[in-house]
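What the coordinates show
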2 protein chains.
Amino acid sequence: MPNDRKAYAQREKYYMNGELYPFLRVGMQKVNLTPTVTQDSDGNTHREENAPVLIYDTSGPFSDKTVQVDLRKGLPRLREPWIEARQDTEVLPQFSSEYARRRLADRSLDMLRFEHIVPPRRAKAGKAITQMAYAKAGVVTPEMEYVAIRENMNCRELGIETHITPEYVREEIARGRAVLPANINHPEAEPMIIGRNFAVKINTNIGNSATTSSIEEEVDKAVWSCKWGGDTLMDLSTGANIHETREWIVRNCPVPVGTVPIYQAVQKVDGKVEALTWELFRDTLIEQCEQGVDYFTIHAGIRYGNVRLADSRLCGIVSRGGSIMSKWCLLHKRESFLYEHFDDICDIVARYDVALSLGDGLRPGCIADANDAAQFAELDTMGELVTRAWQKNVQAFIEGPGHVPMQKIRENMERQLSHCHEAPFYTLGPVVTDIAPGYDHITSAIGGAQIAWMGTAMLCYVTPKEHLALPGKDDVRTGVVTYKIAAHAADLAKGHPGAQVRDNALAKARYDFRWRDQFHLSLDPERALQYYTEAGHTEGEYCTMCGPNFCAAKLTHDLRKLK
Amino acid sequence: MPNDRKAYAQREKYYMNGELYPFLRVGMQKVNLTPTVTQDSDGNTHREENAPVLIYDTSGPFSDKTVQVDLRKGLPRLREPWIEARQDTEVLPQFSSEYARRRLADRSLDMLRFEHIVPPRRAKAGKAITQMAYAKAGVVTPEMEYVAIRENMNCRELGIETHITPEYVREEIARGRAVLPANINHPEAEPMIIGRNFAVKINTNIGNSATTSSIEEEVDKAVWSCKWGGDTLMDLSTGANIHETREWIVRNCPVPVGTVPIYQAVQKVDGKVEALTWELFRDTLIEQCEQGVDYFTIHAGIRYGNVRLADSRLCGIVSRGGSIMSKWCLLHKRESFLYEHFDDICDIVARYDVALSLGDGLRPGCIADANDAAQFAELDTMGELVTRAWQKNVQAFIEGPGHVPMQKIRENMERQLSHCHEAPFYTLGPVVTDIAPGYDHITSAIGGAQIAWMGTAMLCYVTPKEHLALPGKDDVRTGVVTYKIAAHAADLAKGHPGAQVRDNALAKARYDFRWRDQFHLSLDPERALQYYTEAGHTEGEYCTMCGPNFCAAKLTHDLRKLK
């Protein structure tokens, strides 16, 4: 990250303070612009200043030149004083998970281990410490004011109306329509919000598999993902040293981290699905809650009676968690322990404020399987589960497909809203055609932009390697930028307050031939600059696309001088 | 091309014959598939054949191993006998354009010149020789049957209902709802159709500018574009030797070629817009008609009284042709010669069956300018012009934006349909956000897929270099594949007959771990294979994304064996 700073010479870190909580410093990026210089028909030069533009920033301290980040020590613990001040949690003398304690005691892992492990924190007995619990109790937390400021940035100064106030954030969380993932054991994360009345967010997936990748690579990908704009990060590791990898990632991650705990559980039983038990899973949940994971994907929507609905499909079950739990149900001929113990799961995660992402284990894996009985049966179950989570003050959202042709997207959104009581929807694309492996970031951004416009709160990114291989760093960058496009397009369509400020500033820079300004305002300044300079440009009033005589912008400048 | 054939080992050229015209051989690609091999729970092996899949093919003779293409001689003249048989055209003793004759006589150009220039053909006096004229007269031409077969492929064999018959093609052309671009001087092109009741088509732009590129590069890009799936090709050259470059492209192009004649006209007056005249433009039109250009973009929709409507815009006029004609109008303080001579233009192009693409010179160039008065004033004028074209049996379609946020796309389509009498719409994207230079193939594919679903007949591709530089070969490939995705997604959504056959076959191949079949069925087999093999795969029953223990497809296979 530090060596990229040169490329962002005109971007600087900028903080806005809170009003309810004046100690809040909400980080964003400020893009400083050069003036517009024009000549009128009499040859006089006019100079017009261009106001700086604020950009929503997910890179946390990494983009603040005044902060020296040491990955071995982890990020500053931003929220720790806020959490302490509430006095409703306590620091435990040791980790509650047996597995966590075993790993910690294993000296052979010292080489891999993050050095500065902090003892875990948990709710005091009888205390409801989730953001939802506070919201229902009428309390506007610092986290809530933080996200209100973060969503609006300088809308007020610009005279742009906004519906987002700290109180509005509280209301949305209270009624379950928005989630503010904020595990008390991940105080490094900057508060952000997932809900359809806020900016559309994107999640990125990283994580090793049995065949590839090291801890260093995964931490590197995590930081990289935040740099490009990932709002949350899922660590989907299924390979070696999942526990230690996760510690490194969480300690260095300025955005909420999600996981799919069943992956680690399966890894603990050496891939033997039949050997999975509630007890093992429970310990895994606690292990991850105390490490600081902010949300868990739980495939509790799979009912024993519904698994066979997927038999008639072209592609069967394509969710890893879904296929694991389906297999478990069939082998044991009973409901899954996730469904049966769902209230227990809620009780556990409520003590850390871990949110639940109800996993769509029966999502369609190809166009032919979209919107089928298996998929919608699970969605209905998730509607039941989300109300149970809310009863325990657990924040929750719903995962969605997958592979859906465009004409079937709307039904997904409408059914989710009505059956899941407006809990936030979190979709994987959807991919709108199956015929483009190698380009599924694009097939899915097409679907993602549409469903986000209709109301999906967060999009899970897809990289060009989807269906083919584990993504590398450049795939992560391409995936994130592609999804930022889809999310931003939806923000524009929904009229998110101030969303168009950046578009307008960039368009004006383009029209003015302020090339550097244009690039600094863009989602990927480095790539734009690279394409431009590779073509041998010299910041003139045209580019190689049209050459000097055919530049429409240049001609329009001439036109405006004509009387 | 020939050296890429190895990558397509399972693809072969396949021809279907006509019924009305048995001599027709409609080219497509046939993808041969391997069988599905499964083991049941008792360990018995089952083998199920997978039917070959037909793919719409734009690469013409280049993908037929039995044809040896010599670029110096040009492609076989497929339609020449059909045209001759109609006996309503004649071969001229020499080129009618003064400029063409001058270039031909210039010995210094011999080095550059295509060697086998054929004398031009034109309608006999009093004969109406456009596909629209035939259609209105009730004649189903070989071209019409060709496109009917091409659109349907083997739907009938597969038991898929289709509304597309040769007679239906005729009706759609007769009422102006579809265009079959077919200049009698481009007999090398395979007939194709542009209309919203047919498969969505994509256009690719190539062409040099003053600062870059050679003839060889441009021909190479043209062939390359057809290989990846470009349905039509616009040569937008604005640099040196436009005339000679075009000859090479047209003679080697199996798809219809479009141009923007005003570019060459401006080049002929050394960039001095004020020096443009109707006479110069007229000679340029005839020059290009006789070379074989299949459609012309004509910015006749710009009215003198409307130019100033763009003054209040953030980005002014971003169409090259639009800014040229606007400047001309303002300098001369009068209506443009394109508008005033529109009937003359129609009379000229009707003699060659060149279609008109009514250029949107006032399309919005940024989100802020979308759907404004300037844009819609021009659209209304185009509605007037298209009826005038039809009166002269000239096929015509309407160009559309541009930069439009998602929530404003529908208004574009609806207004175009109602004001332009259902003439085909041909849009450039639209780009749905301005903030992603370097990724505008994606910002625009998001808008393109949506507007195509709503009824746009053809999408003009955008490459990653849009707004930054002239695209290179890899950009052309990425742009074409991205737009094939958008077009195909729309075909699925519209229920184009047989569109889903390919998706289903690919999905089944994916589920079966028939990796090679999956890649051969995909839009870019080479890239899919590359990503897969780079990751060190060995065609096992998983990929590095999940590894062997976490492959959902593998787990589902196990699941189906469970009783």
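Residues numbered from 1 in each chain as written. Chains lettered and ligands numbered in written order. Predicted model: local features only at pLDDT ≥ 70, side-chain atom pairs only at ≥ 80, totals over all residues. Heavy atoms only, no water.

**Thoughts on the overall build of chain A**
Scanning chain A from N- to C-terminus turns up 21 helices and 17 strands. Over its C-alpha atoms chain A spans a radius of gyration of 24 Å, differing by no more than 12% from the 24 Å that the globule rule assigns to 563 residues. Judged by the C-alpha coordinates and their principal axes, chain A covers about 85 × 55 × 45 Å. In chain A, once contacts between residues fewer than 6 apart in sequence are set aside, the share between residues at least 24 apart is 75%. Of the side-chain charges in chain A, 66 are positive and 75 negative, and the distance between the mean point of each set is 1 Å. (Helix = DSSP H or I, 4+ residues; strand = E, 2+ residues; numbered from the N terminus. Rg over C-alpha atoms; globule rule 2.2 N^0.38 Å. Contact = heavy atoms within 4.5 Å. Lys, Arg positive; Asp, Glu negative; His and termini not counted. Charge placed at Lys NZ, Arg CZ, Asp CG, Glu CD.)

**With respect to the relation of the copies chain B and chain A**
Note on the identical chains: chain B maps onto chain A by a rotation of 180° and an axial translation of 0.0 Å, with an RMSD of 0.0 Å. One copy is carried onto the other by what is essentially a two-fold rotation axis. Using C-alpha coordinates, one finds that chain B approaches the rotation axis most closely at B:Ile446, a distance of 2.3 Å. Looking at chain B, 100% of its interface residues are interface residues in chain A too, so the copies touch through the same face. (Least-squares fit on C-alpha atoms with pLDDT ≥ 70 in both.)

**What to know about the layout of surface pockets**
Residues and elements named next belong to chain A. By volume, the second largest pocket amounts to about 810 Å³. Contributing to the lining of the second largest pocket are 47 residues, with Ile-55, Tyr-56, Asp-57, Lys-484 and Arg-502 lying nearest its centre. If you list the elements that add at least two residues to the lining of the second largest pocket, you get β1 (11–17), β5 (53–56), α4 (142–152), α5 (155–158), β10 (201–206), α7 (215–228), α17 (473–494) and α18 (499–511). Partitioning the lining of the second largest pocket into residue classes produces 21 nonpolar, ten polar and 16 charged. (1 Å grid on protein atoms, 1.4 Å probe; cavity = no way out; pocket = protein on both sides within 12 Å on 5 of 7 lines; lining within 4 Å. Points joined across faces, edges and corners; volume = space filled by probe spheres on them. Nonpolar A, V, L, I, M, F, W, Y, C, P; charged D, E, K, R; others polar.)

**Points about the confidence of the model for chain A**
All names here are of chain A. Across chain A, the average pLDDT comes to 94, with 97% of residues at 70 or higher. Confidence over residues 1–5 falls short of pLDDT 50; this stretch has twelve contacts with residues more than four positions distant or in other chains. Scored as a complex, the prediction yields pTM 0.97 and ipTM 0.96. (pLDDT = per-residue confidence, 0-100.)

**Side note on the pairing of strand β4 (residues 45–48) of chain B**
Residues and elements named next belong to chain B. Relative to β4, strand β3 (residues 36–39) runs antiparallel, the two being bridged by four bridges. Its bridge partner being in β4, Gln-39 is matched across the sheet by Thr-45. A loop of five residues connects β3 with β4, the two strands running antiparallel in sequence, and Gly-43 in this loop sits at a positive phi of about 85°. (Pairing = 2+ DSSP bridges.)

**Some details on the interface of chain B and chain A**
When the parts come together, some accessible area is lost, and that loss is often what is quoted as the size of the interface. Between chain B and chain A, the residue contacts involve 107 residues of the former and 107 residues of the latter. Across the chain B/chain A interface, buried area totals approximately 8,800 Å², and carbon plus sulfur atoms make up 69% of it. Contact with chain A buries area across many residues of chain B, yet B:Ile435, B:Tyr439 and B:Phe550 alone supply 10% of it, more than any other trio. Our count for the contact surface shared by chain B and chain A stands at two salt bridges. In this structure, A:Lys327 and B:Asp558 form a salt bridge, with 3.4 Å as the shortest nitrogen-oxygen distance. Where chain B touches chain A, the interface holds 22 residue pairs in polar contact (both at pLDDT 80 or more). For the side of chain B that touches chain A, the secondary-structure elements that each account for two or more residues are α9 (261–268), α11 (320–332), α16 (440–454), α17 (473–494), α18 (499–511), α19 (515–521), α20 (525–534) and α21 (552–561) of chain B. Per element, the largest residue contribution to the side of chain B that touches chain A is ten residues, and it comes from α17(B). Across the side of chain B that touches chain A, the residue classes tally to 58 nonpolar, 29 polar and 20 charged. (Buried area = accessible area lost by both parts, 1.4 Å probe. Salt bridge = Lys/Arg side-chain N within 4 Å of Asp/Glu carboxyl O. Polar contact = N/O pair within 3.5 Å; in protein donor to acceptor, adjacent residues only side chain to side chain.)

**Quick notes on the pattern of salt bridges**
Under the criterion given, the structure shown has 91 salt bridges over all chains. Across the pair A:Asp311 and A:Arg308 runs a salt bridge whose closest N-O atoms are separated by 3.1 Å. A:Asp311 sits in the partly exposed class, given a relative accessible area of 34%. B:Glu190 serves as the salt-bridge partner of B:Arg150, at 3.5 Å between the closest nitrogen and oxygen. Pair noted here: B:Arg150 is in helix α4 (residues 142–152) and B:Glu190 is in the loop between β8 (178–179) and β9 (194–195), with a separation of 40 residues, a long-range link. Judged by relative accessible area, which is 3%, B:Arg150 ranks as buried. (Buried < 20%, exposed > 50% of the residue type's maximum accessible area, 1.4 Å probe, protein only.)

**Digging into α18(A)**
Residue and element names in this part refer to chain A. Counting buried positions along α18 yields ten of 13 residues, so the element is predominantly enclosed. Listed in full, the buried residues belonging to α18 are Ala-499, Arg-502, Asp-503, Ala-505, Leu-506, Ala-507, Lys-508, Ala-509, Arg-510 and Tyr-511. Positive phi shows up at Phe-513, right after α18, with a value of about 60°.

**Quick word on the packing of helix α9 (residues 261–268) of chain A against helix α11 (residues 320–332) of chain A**
All names here are of chain A. α11 packs onto α9 with a crossing angle of 55° between their chain directions and a minimal axis gap of 9 Å. Relative to α11, the element α9 lies oblique. Between α9 and α11 the crossing geometry is left-handed. Taking contact as the criterion, the partners of Ile-262, Tyr-263 and Val-266 in α9 are, on α11, Arg-320, Gly-321, Ile-324 and Met-325. Among the residues forming the contact of α9 with α11, the class breakdown is five nonpolar, one polar and one charged. (Axes fitted to C-alpha atoms, helices over the stretch in contact; angles between N-to-C directions. Parallel < 35°, antiparallel > 145°, perpendicular 65-115°, else oblique. Left-handed = near helix turned anticlockwise from the far one by under 90°.)

**Examining unusual backbone geometry**
Residues and elements named next belong to chain A. For the peptide bond that leads from Pro-401 to Gly-402, omega is 5°, which places it in the cis range. By the secondary structure assignment, Gly-402 is in the loop between β15 (396–400) and α15 (409–419). Here the amide bond leading from Gly-429 into Pro-430 is cis, since omega sits at 10°, within 30 degrees of zero. You can see Pro-430 is positioned in the loop between β16 (425–428) and α16 (440–454). The phi dihedral of Glu-422 falls on the positive side, at around 70°, and the residue is not glycine. Examined against the element boundaries, Glu-422 turns out to sit in the loop between α15 and β16. Judged by relative accessible area, which is 23%, Glu-422 ranks as partly exposed.

**Concerning the packing of α16(A) against α17(A)**
All names here are of chain A. It is the contact of α16 with α17, at a shortest axis distance of 8 Å, that shows an interaxial angle of 25°. Classified by the interaxial angle, the pair formed by α16 and α17 is roughly parallel. As for the relative orientation of α16 and α17, their crossing is right-handed in sense. Counted together, His-441, Ser-444, Ala-445, Gly-448, Ala-449, Ala-452 and Trp-453 of α16 and Thr-478, Thr-482, Tyr-483, Ala-486, Ala-490, Ala-493 and Lys-494 of α17 form the full contact between these two elements. Counted by class, the contact of α16 with α17 contains eight nonpolar, five polar and one charged residues.

**A closer look at the pairing of strand β13 (residues 295–298) of chain A**
Residue and element names in this part refer to chain A. Of the two faces of β13, the one holding Tyr-295 and Thr-297 and the one holding Phe-296 and Ile-298 are both buried throughout. Relative to β13, strand β12 (residues 257–259) is paired through two bridges, and the arrangement is parallel. Looking at β13, one finds that Thr-259 is bridged to Phe-296. Examined bridge by bridge, β13 and strand β14 (residues 355–358) share four bridges and lie parallel to one another. Note on β14: the bridge partner recorded for Ile-298 is Leu-358.

**What about the sheet that holds β5(A)?**
Residue and element names in this part refer to chain A. Pairing in this open sheet of three strands is antiparallel, and the strands run β1-β2-β5 from one edge to the other. Either end of the sheet is taken by a strand with one partner, and the two such strands are β1 and β5. Direction aside, the axes of adjacent strands within the sheet are offset by 45° on average. Bridge analysis of β1 against strand β2 (residues 25–31) gives seven bridges, and the strand direction is antiparallel. Across the sheet, residue Asn-17 finds its bridge partner in β2, namely Arg-25.

**Considerations on the environment of A:Ser522**
Of note, A:Ser522 is situated in the loop between α19 (515–520) and α20 (525–534). What makes A:Ser522 buried here is its relative accessible area of 0%. Considering only alpha carbons, one finds A:Ser522 and A:Asp503, 19 residues apart in sequence, at a separation of 8.8 Å. Filtering out sequence-adjacent residues up to four positions away, A:Ser522 remains in contact with A:Arg11, A:Arg502, A:Leu506, A:Ala528, B:Ile435 and B:Pro437. Only 2.7 Å separates the side chain of A:Ser522 from the backbone oxygen of A:Phe519, close enough to count as a polar contact.

**Remarks on the sheet that holds strand β15 (residues 396–400) of chain B**
All names here are of chain B. Judged by pairing direction, the barrel is parallel, and its eight strands sit side by side in the order β10-β11-β12-β13-β14-β15-β16-β17 before closing back on the first. Here the strands of the sheet are splayed against their neighbours by 25° on average, with no regard to which way each runs. Inspection of the sheet shows strand β16 (residues 425–428) paired to strand β17 (residues 458–460) by three bridges, in the parallel sense. If you follow Leu-428 over to β17, its bridge partner there is Cys-460. Where helix α13 (residues 342–350) meets the sheet, its contacts fall on β13 (295–298) and β14 (355–358), and the angle it forms with β14 comes to roughly 145°.

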